[in-house]
Every structure is written in structure tokens, then in C-alpha cells.
Amino acid sequence: SSKTFWTTTGMFPQELIIGFPKCVKISKVGIQCYLVRTLRIEKSTSKDPVGFEQCIEKDLQHKEGQLQMEEFPLPEFQATYLRFIIKSAFDHFVSVHRVMAEGT
């Protein structure tokens, strides 16, 4: 729902883990968020959410009063879990409104 979101508790880093029912191939990841400064995305192919490997880390551009909409085209990879780590922010609290993964 576009009316719901996940928000941080005010300290950084913060993380959000998304699990898939089985290992999938992913070619692009996207996120809609607010006030995120530095974001790292990691992947895991384990049965449990452990053994993460970094996919990308990026400083996002601040957009006052607007959602940040970022897409990360990546070399196709497999993942059972994606971990989004918000390393720093432009304010004490940030929000994540949507996470997207494209692939097969």
C-alpha cells in the first residue's frame, strides 16, 4: 500500500531484510525512501538470513519534501534474502515506502 511505510528508530545504521520463498535471480533493485543519505544493499543465498555479501553502496541525493526514488541495475545475481542497510541519513528518522526487485 502506498499509504504504509517502515520508519527507523533514530540511530544508524538501521537494516531491513526481505526474504523470498526460494532463491531467485535478480537483475534490478529499486527503493522509494525519504531522507536516506547512504544505502547499502546486500544479498544472501542461504536458507536463513546469514552470510550476506555486498551488492552496492551508494550516497543518495537529498530531495527536500519528496521521496527519493532510486533504481540499481545490477549484474544478474541469485538471492534468497536482500538486506537494505541505511548507514546514514539527512535527519534523525527516515522512511522506506517501497522496495522492488526485478528478475526471475
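Per chain, residue numbering runs from 1 following the sequence as it is written. Owing to the predicted nature of the model, reporting of local features is limited to residues with pLDDT of at least 70; listing and counting of side-chain atom pairs is limited to 80 or more, with chain, interface and lining totals taken over all residues. Values reported for side chains reflect all heavy atoms of the structure, with hydrogen atoms and water molecules removed beforehand.

The name recorded for the protein chain in an unreviewed UniProt entry is IFT25 protein, from Aegithalos caudatus.

Q: Could you clarify how one ought to interpret the side chain of Ser95 in this entry?
A: We count a stretch as a helix when DSSP gives it H or I for four or more residues in a row; a strand needs E for two or more, and each element gets its number in order from the N terminus. Inspection of the secondary structure puts Ser95 in strand β6 (residues 95–103). For Ser95, a relative accessible area of 8% corresponds to the buried category. Counted as a polar contact is a pair of N or O atoms within 3.5 Å, where, for protein atoms, one must be capable of donating a hydrogen and the other of accepting one, and residues adjacent in sequence contribute only when both atoms are in side chains. Among the polar contacts made by the side chain of Ser95, one reaches the side chain of His97 at a distance of 2.8 Å. Residue contacts are defined here by distance: any two heavy atoms, one from each residue, within 4.5 Å place the two residues in contact. Apart from the residues lying within four places of it in its own chain, the contact partners of Ser95 are Phe5, Trp6, Thr7, Cys33 and Tyr34. Note on exposure labels: buried denotes an accessible area under 20% of the residue type's maximum, exposed denotes more than 50%, and partly exposed covers the range between, all computed with a 1.4 Å probe on protein chains only.

Q: Even after reading the chapter, I still don't get unusual backbone geometry, so can you show me in this structure?
A: Glycine aside, a negative phi is what most residues show, and trans is what most peptide bonds show. Residue Phe12 is joined to Pro13 through a cis peptide bond whose omega torsion reads 10 degrees. Tracing the backbone through its elements, the reader meets Pro13 in the loop between β1 (6–7) and β2 (14–34). Residues other than glycine seldom take positive phi values, yet Leu35 does so here, at roughly 70 degrees. Structurally, Leu35 can be placed in the loop between β2 and β3 (36–44). Residue Leu35 is classed as buried on the basis of its relative accessible area, which comes to 10%.

Q: Is there a simple way to explain the state of the cysteines in this structure?
A: Each disulfide is one covalent bond, formed between the sulfur atoms of two cysteines. Note that a disulfide, as used here, is simply two cysteine sulfur atoms within 2.5 Å. Across all of its chains, the model carries zero disulfides by this definition. In this structure Cys33 is not part of a disulfide, and its nearest cysteine sulfur, from Cys55, lies 17 Å away. With no disulfide of its own, Cys55 lies 12 Å from the sulfur of Cys23, the closest cysteine sulfur. Looking at Cys55, the relative accessible area reads 24%, which means it is partly exposed.

Q: How should I be thinking about the pattern of salt bridges in this particular structure?
A: Whenever Lys or Arg places a side-chain nitrogen within 4 Å of a carboxyl oxygen from Asp or Glu, that contact is recorded as a salt bridge. Enumeration according to the criterion identifies nine salt bridges in this entry. Here Glu70 ties to Lys58 by a salt bridge, and the two come within 3.2 Å at their closest N and O atoms. Here Lys58 lies in strand β4 (residues 53–59) and Glu70 lies in strand β5 (residues 68–89), a separation of 12 residues in the sequence. Each of the salt bridges in this network shares a partner with another, and the network as a whole consists of Glu15, Arg40, Glu42, Glu57, Arg83 and Lys87.

Q: In this structure, what is going on with the pairing of β3? I would like to understand it.
A: When a strand is regular, its side chains alternate between the sheet's two faces. With respect to burial, β3 is a largely interior element, seven of its nine residues being buried. What makes two strands pair is DSSP finding at least two bridges between them. In terms of strand pairing, β3 meets β4 through six bridges, oriented antiparallel. Directly across from Ile41, in β4, lies its bridge partner Ile56.

Q: Help me out: how do you make sense of the nonpolar core in this one?
A: What tends to happen in soluble globular proteins is that the nonpolar side chains get buried as a cluster. The term nonpolar core refers to a set of buried residues drawn from Ala, Val, Leu, Ile, Met, Phe, Trp, Tyr and Cys, joined through side-chain atoms within 4.5 Å. By size, the foremost hydrophobic cluster in this structure holds 21 residues, and its most contacted members are Val29, Leu39 and Phe84. Within the residue set of this core, elements represented by two or more residues are β2, β3 and β5. The greatest single-element share of this core, amounting to eight residues, is contributed by β5. In contact with Phe84, other than residues within four places in its own chain, are Gln14, Glu15, Leu16, Ile18, Val29, Ile31, Leu39, Arg40, Ile41 and Val99.

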